[in-house]
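Residues per chain are reported as follows:
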Amino acid sequence: MTGDVVRRAADALRRASTVTVLTGAGVSAASGIPTFRGKDGLWRKVRAETLATAEAFEHDPKLVWEWYDWRRGMIRDAQPNAGHTVLARWTRERSGTTVITQNVDGLHERANTHSITRLHGSIWHVRCWTGCARGREDWRDDTVPLPTLPPRCPHCGGLVRPGVVWFGESLDTSVLQRATAAAAGCDVFMAIGTSAVVYPAAELLPHARHGGATVIEINPEATNASGISDIVIRQRADEALARLDEML
Ligand code: NAD
Ligand code: ZN
């Protein structure tokens, strides 16, 4: 049964000249990084979704930074898994393959993914929260753990925030345009390890569908993407991608 579905997905991928892949937290689950939704989305009994907001930061920047510092430590110690590796190789060896990720962990980059669009920024970047002129642009800070929480802006001494897109914030317009074009213009669109409830990322699925793409979902659970998908593989991302790769 599953083998049949994987074979159909492999056939679609073989025929495609452009493949756009949308990834979510589930792709990094096999690397030991918890997703937001589900039982793993808890930290000190606080829901992740309530910490990843400007309101939470405004109210308690130290608490929000403790959570990010903990995640940064976990991600630094993690390794890309077979899912990241297969996707990365496809971007290098199969021209027309591009990855759009909602993940902020940088594991696609560490797996040497050539074509990658980060919708929600990077946990390894920070910028000035106060908005001083010199701290407005993101800069990279790999220090783990951070020496003081919350960290301070080297330019104005104000607070520094993570360079990620929080719930309720807008995506960078040019990034979203690039992602939308890649979804609308592809032959095969894959939604892997995403619950497809975070907008506008989830809107890429109908864009792909309207553009005529074959939509493939890889997720062990049913999601918002399932109904709009032509082919659904109910498996972990690392296992499903390894099998698909063998069949190509
Ligand atoms: P989500 O937490 O809403 O959903 C995760 C999905 O992954 C679920 O549908 C779950 O069934 C699936 N899943 C779990 N294990 C899997 C596996 N081994 N293989 C495949 N699928 C698996 O995540 P989301 O849809 O990415 O949206 C949440 C937001 O949280 C995003 O905006 C993202 O920026 C952020 N986030 C990022 C990370 C990260 O960078 N690693 C981790 C957690 C959350
Ligand atoms: Zn500043």
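We now turn to the structure provided with this report. (Residues numbered from 1 in each chain as written. Chains lettered and ligands numbered in written order. Predicted model: local features only at pLDDT ≥ 70, side-chain atom pairs only at ≥ 80, totals over all residues. Heavy atoms only, no water.)

### Points about the coordination of the zinc ion (ligand 2)
Octahedral metal centres with six donors ideally show angles of 90 or 180 degrees, and tetrahedral centres with four donors ideally show 109.5 degrees.
Then, in step 1: Around the zinc ion (ligand 2), the protein supplies C128 (SG), C132 (SG), C153 (SG) and C156 (SG) as donor atoms, at distances of 2.3 Å.
Then, in step 2: The coordination sphere of the zinc ion (ligand 2) comprises 4 donor atoms, whose angles at the metal cover 104 to 111 degrees; the geometry is tetrahedral.
Then, in step 3: Of note, the zinc ion (ligand 2) draws all its donor residues from one chain, in the sequence arrangement C-x3-C-x20-C-x2-C. With a gap of 21 residues between them, C132 in the loop between β6 (121-128) and β7 (139-140) and C153 in the loop between β7 and β8 (160-164) connect regions that are remote in the sequence.
Then, in step 4: For C132, a relative accessible area of 17% gives the class buried.
Then, in step 5: Assessed through its relative accessible area of 4%, C153 is described here as buried. (Donors = N, O, S within 2.8 Å, 3.2 Å for Na, K, Ca; no water. Tetrahedral: all angles 85-135°; square planar, octahedral: opposite > 155°, others 65-115°. Helix = DSSP H or I, 4+ residues; strand = E, 2+ residues; numbered from the N terminus. Buried < 20%, exposed > 50% of the residue type's maximum accessible area, 1.4 Å probe, protein only.)

### Here's the deal with the sheet that holds β6
Then, in step 1: The sheet built from 3 strands is open, its strands ordered β7-β6-β8 with antiparallel pairing. Strands with a single pairing partner mark the edges of an open sheet, and in this sheet they are β7 and β8.
Then, in step 2: Sheet topology note: the β6/β8 ladder contains 4 bridges and is antiparallel. Considered in β8, the bridge of G121 is made with V164.
Then, in step 3: Packed onto the sheet, helix α5 (residues 61-77) meets β6 and β8 and runs at close to 140 degrees relative to β6. (Pairing = 2+ DSSP bridges. Contact = heavy atoms within 4.5 Å. Axes fitted to C-alpha atoms, helices over the stretch in contact; angles between N-to-C directions.)

### Description of the site of ligand 1
Then, in step 1: Around ligand 1, the surrounding shell holds 26 residues, and the nearest of these are R37, Q102, D105, H120 and S195.
Then, in step 2: In this structure, F36 approaches ligand 1 through a main-chain N or O atom, which is 2.9 Å from an oxygen atom.
Then, in step 3: Separating an oxygen atom of ligand 1 from a side-chain N or O atom of H120 is a distance of 2.7 Å.
Then, in step 4: Within the complex, the protein chains bury 91% of what would otherwise be the 850 Å² of accessible surface of ligand 1.
Then, in step 5: When residues in the shell around ligand 1 are grouped by element, the largest group, 3 residues, is from helix α2 (residues 26-29).
Then, in step 6: Within the shell around ligand 1, the residues separate by chemical class into 9 nonpolar, 12 polar and 5 charged.
Then, in step 7: No fewer than three residues from each of domain 1 (1-33 + 81-120 + 171-248) and domain 2 (36-77 + 125-164) sit in the shell around ligand 1. (Near = heavy atom within 4 Å. Polar contact = N/O pair within 3.5 Å; in protein donor to acceptor, adjacent residues only side chain to side chain. Areas by Shrake-Rupley, 256 points an atom, 1.4 Å probe, with all protein chains shown as cover. Nonpolar A, V, L, I, M, F, W, Y, C, P; charged D, E, K, R; others polar. Domains from an automatic or database assignment.)

### Details of α5
Then, in step 1: A rise of 1.5 Å per residue sets the reference length of α5, with its 17 residues, at 24 Å; its end C-alpha atoms lie 24 Å apart and thus fit the reference within 8%.
Then, in step 2: Residues P61, V64, W65, E66, W67, Y68, D69, R71, R72, G73 and I75 constitute the buried set of α5.
Then, in step 3: Packing partners of the buried residues in α5 comprise β2 (42-43), α3 (48-51), α4 (54-59), α7 (107-110), β6 and β8. (Expected span 1.5 Å × (residues − 1).)

### Notes on the sheet that holds strand β9 (residues 188-192)
Then, in step 1: The parallel open sheet is built from 6 strands, whose spatial order is β5-β4-β1-β9-β10-β11. Two strands lie at the open edges of the sheet, namely β5 (116-118) and β11 (231-233), each paired on one side alone. The sheet shows a mean angle of 15 degrees between the axes of neighbouring strands, direction not considered.
Then, in step 2: Bridging between strand β4 (residues 97-101) and β5 involves 3 bridges; their strand directions are parallel. Note that in β5 the partner of I100 across the bridge is T117.
Then, in step 3: Strand contacts of helix α1 (residues 2-15): β1 (19-23), β9, β10 (214-218) and β11, with the helix running at about 125 degrees to β11, the strand carrying the most contacts.

### Side note on the pattern of salt bridges
Then, in step 1: Counted by the stated rule, this structure contains 16 salt bridges.
Then, in step 2: A salt bridge links R44 to E66; its shortest N-O distance comes to 3.1 Å. With R44 in the loop between β2 and β3 (46-47) and E66 in helix α5, this pair connects stretches of sequence that are 22 residues apart.
Then, in step 3: Between D245 and R89 there is a salt bridge; the shortest N-O distance is 2.8 Å. Placement of D245 in helix α10 (residues 237-247) and of R89 in helix α6 (residues 82-93) is noted, with a sequence separation of 156 residues between them.
Then, in step 4: Here the salt bridges share partners, and the residues they tie into one network are R37, R47 and E49. (Salt bridge = Lys/Arg side-chain N within 4 Å of Asp/Glu carboxyl O.)

### Here we look at unusual backbone geometry
Then, in step 1: The omega angle of the peptide bond from V144 to P145 is -10 degrees, so this bond is cis rather than trans.
Then, in step 2: Inspection of the secondary structure assignment puts P145 in the loop between β7 and β8.
Then, in step 3: Omega for the bond connecting L149 with P150 falls within 30 degrees of zero, at -10 degrees, which places this linkage in the cis form.
Then, in step 4: Mapping P150 onto the fold places it in the loop between β7 and β8.
Then, in step 5: One non-glycine residue with positive phi stands out, namely R44, at about 45 degrees.

By themselves, these are just geometric observations and shouldn't be taken as functional.
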